[in-house]
Structures are given as C-alpha cells and as structure tokens.
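Here is how the chains run, residue by residue.
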Amino acid sequence: MKPHTIFLFVIVVFLSSCSSKGHMRFDDVPIDGRIDKFASELTKQGFILSDSSLKNEIIVRGKFLNKECKISVLGTSKNNVAYKVIAELPQEVNDSLEQSFKKMQKLFSSTYGNGTTRYKQYKNPERFMFNERGLKRRIMKGDYSRYNTDLGILLMEVQDGFISITYWDKLNNEIRKREKAEEDKKESTEGI
C-alpha cells in the first residue's frame, strides 16, 4: 500500500472512533430520550408495562437473556431522561446462581471486553484452600463484574438469590449529574 493510502485509512479510523457519541444499548434499544419513550420502545419488543406511577422510574417486565425479568428504567429528576436500566433476573438456588453468573461473565466479556470482577472475602483465604479437599469458592451477595465502555458502564451484581444487571449510559448520566448540581445550587440559594 502507498503511504498516503495508509495515512488516510488511519485518519478515517481515528475520526470514526472519536465521533462515537452514542448511547449504551439495552436489548438493542439505545438508552436515550425520556423514560416513557424508552419504555415504549421496550414494549414494542414484547416487554409489558408494569408500573409507570413512580416518579422518575418506569417498571416493565419481560424476557431478557431468555429469563423473565423485572426491568426498572430510571430517569433524571428534571427532564426524566433515561440514564440507568436495571434488570433483575429471577430467583435461583445458589448452585444455579453461580453457573448463571459465570455464563453471563463470559457473554458480557465477549461483548464488552474483559471486565473487573470483585469477590467478597471468604472465611478461608484461597491460598490455604489448596490443602483442603472439597472446599471451593462460593459466590456471595455483593460479588460483581463491571464492564467499562466508552458509552457507559455495565454492572452485573449478585443480590439475595438473584443477579441484577445495571446499564449506566455515560452521556445521560452526565445530564443527571448536571441536573442534580443545579437542584443543589437552587436549594442552597433558597436557604439563604
């Protein structure tokens, strides 16, 4: 290849990677716009509206990762822009929960790259477990895997008998932070 062709190719790749001002996607729906619009897009995909009476939150139910889930869509306080989606998978027994956690780690690692995984401390540190037969690390509440991307954060966390998966959209979370700062500033000036 000629040097100028390689140079143009590098510039195109660089510009396309810099201009990715996109949004995280939940089940192929971008986390963008107002929460009612986002929930409407989910209902078009087969989710069922469960509760829309909450302030800055809409709950839908439906199949996610081939399991019936409760999906909470949270919006900013002022403009109700969707910034976070939480999927609560169904209850499972501990062995099944551990297998599901490992399968989802593989799935999300293939999609979002290697994440950061943290496990809670165990009664027996792992370095001593090699001498004892039958002991193995068990998954516990609070264990998680976190995947940071340019578009946001995906957090998969073990809860009491189930796994929750949280999608944070980076751009809309910035909107939430600005709105919160404006509210805090307004409240502090009203108190004077």
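These numbers were taken from a predicted model, which means no experiment stands behind them. (Residues numbered from 1 in each chain as written. Predicted model: local features only at pLDDT ≥ 70, side-chain atom pairs only at ≥ 80, totals over all residues. Heavy atoms only, no water.)

S.K.: Kindly report on the nonpolar core, identifying the contributing residues and their values.
M.R.: Core analysis: the biggest nonpolar cluster contains 31 residues, and Phe26, Phe38, Ile71, Ile165 and Tyr167 have the highest contact counts within it. Tyr167 has contacts with Met24, Arg25, Phe26, Ile31, Phe64, Tyr83, Lys84, Val85, Phe108, Tyr112, Ile153 and Leu154, leaving out every residue within four places of it along the chain. (Core = buried A, V, L, I, M, F, W, Y, C linked by side-chain atoms within 4.5 Å. Buried < 20%, exposed > 50% of the residue type's maximum accessible area, 1.4 Å probe, protein only. Contact = heavy atoms within 4.5 Å.)

S.K.: Account for the sheet that holds strand E3 (residues 48-51), naming residues and giving values.
M.R.: With antiparallel pairing, the 8 strands of this open sheet are ordered in space as E3-E4-E5-E6-E10-E9-E8-E7. Only two strands of the sheet have a single neighbouring strand rather than two, namely E3 and strand E7 (116-118). Shown here is a sheet whose adjacent strand axes are inclined to one another by a mean of 20°, direction ignored. Inspection of the sheet shows strand E9 (residues 152-158) paired to strand E10 (residues 163-169) by 7 bridges, in the antiparallel sense. Considered in E10, the bridge of Leu155 is made with Thr166. Sitting on the sheet, helix H2 (residues 35-44) touches E3, strand E4 (57-64), strand E5 (67-75) and strand E6 (82-88), and the angle it makes with E4 is about 20°. Against the sheet, helix H5 (residues 170-190) makes contact with E6, E9 and E10, and its axis sits at roughly 75° relative to E10, the strand it touches most. (Pairing = 2+ DSSP bridges. Helix = DSSP H or I, 4+ residues; strand = E, 2+ residues; numbered from the N terminus. Axes fitted to C-alpha atoms, helices over the stretch in contact; angles between N-to-C directions.)

S.K.: A description of H2 should follow, citing residues and the corresponding values.
M.R.: Along an α-helix, residues three or four apart share an orientation, since each turn contains 3.6 residues. Considered for burial, the residues of H2 that qualify are Ile35, Phe38, Ala39 and Leu42. Projected down its long axis, H2 carries its buried residues within an arc of 100°, all on one side. The inward-facing, buried residues of H2 contact strand E1 (25-26), strand E2 (29-30), E4, E5 and E6. Where H2 ends, the next residue or the one after it, Gly46, has phi of about 110°, a positive value. (Arc of directions from axis to C-beta.)

S.K.: Residues and numbers for the environment of Tyr119, please.
M.R.: Tracing the sequence through the fold places Tyr119 in the loop between E7 and helix H4 (126-129). Placed 24 residues apart in sequence, Tyr119 and Asp143 show a C-alpha to C-alpha distance of 4.6 Å.

S.K.: Could you give an account of the confidence of the model for the chain, naming the residues involved and the relevant values?
M.R.: Considering every residue of the chain, the mean pLDDT works out to 83; 79% of them sit at 70 or more. Low confidence marks residues 4-20, where pLDDT is under 50. Its contacts with residues over four positions away, or in another chain, come to 2 contacts. (pLDDT = per-residue confidence, 0-100.)

S.K.: Now, about the packing of aromatic side chains: what can you tell me, with residues and values included?
M.R.: Within this structure, the stated rule accounts for 8 aromatic pairs. Relative to Tyr167, the ring of Phe26 has its centre 5.2 Å away and its plane inclined at 85°; by these criteria the two rings are edge-to-face. With Phe26 in strand E1 and Tyr167 in strand E10, this pair connects stretches of sequence that are 141 residues apart. Here Phe26 and Tyr167 have matching classes, each one buried. The rings of Phe26, Phe47, Phe64 and Tyr167 are connected pair by pair, giving a single aromatic cluster. (Phe/Tyr/Trp six-rings, centres within 6.5 Å; stacked < 30°, edge-to-face > 60°.)

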